[in-house]
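# Fold and geometry: a report
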Amino acid sequence: MNKKETEKKEIPVFNSGDTIQVFVQIQEGGKTRVQRFQGTVIKKRGAGISQTFTVRKVTQGIGIERIFPLFSPNIEDIKIIRRGKTRRAKLYYLRERKGKKAKIKEAS
């Protein structure tokens, strides 16, 4: 596999603090389906083909974080819901915050 086969063409530019929807292919038995994972990007790391990003969402009071390889063939689409205004690259402090304190201001 060379670099052109693995890199996707239409990856939107997003940063930490942005709320995004990641559409992931899930295999169950012999069937594949697309599952949506929506949350806040708390971290981006790496460069080139090994680049990953972490998305955090809170469901019924339980925080769920998922790490996605940016150029994974299992990622079908990435949509940006809203842009966040942050002062740092890694938003680990959101793990301790709940409710309104965990909100990120929208970029104007």
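Now for a look at the structure at hand. Source: prediction; values computed, not measured.

The pairing of strands in a sheet comes from backbone hydrogen bonds and takes either a parallel or an antiparallel form. The strand order 4-3-2-1-5 describes an open sheet built from five strands, whose pairing is antiparallel. Of all the strands in the sheet, just strand 4 (62-69) and strand 5 (75-82) have a single pairing partner and so form its edges. Across the sheet, the mean angle from the axis of one strand to that of its neighbour is 40°, orientation sign disregarded. In this structure, strand 1 (residues 19-28) lies alongside strand 5, joined through six bridges in antiparallel fashion. From the neighbouring strand, Ile-20 faces strand 5, where its bridge partner is Ile-80.

Turning to the environment of Ala-89, a few remarks are in order. By secondary structure assignment, the location of Ala-89 is in the segment after strand 5. Residue Ala-89 is classed as partly exposed on the basis of its relative accessible area of 48%. Along the backbone, Ala-89 and Asn-15 are 74 residues apart, and their C-alpha atoms lie at a distance of 7.9 Å. Setting aside residues up to four positions removed in sequence, Ala-89 forms contacts with Ser-16, Ile-42 and Lys-43.

About the thresholds
Residues numbered from 1 in each chain as written. Predicted model: local features only at pLDDT ≥ 70, side-chain atom pairs only at ≥ 80, totals over all residues. Heavy atoms only, no water. Pairing = 2+ DSSP bridges. Helix = DSSP H or I, 4+ residues; strand = E, 2+ residues; numbered from the N terminus. Axes fitted to C-alpha atoms, helices over the stretch in contact; angles between N-to-C directions. Buried < 20%, exposed > 50% of the residue type's maximum accessible area, 1.4 Å probe, protein only. Contact = heavy atoms within 4.5 Å.

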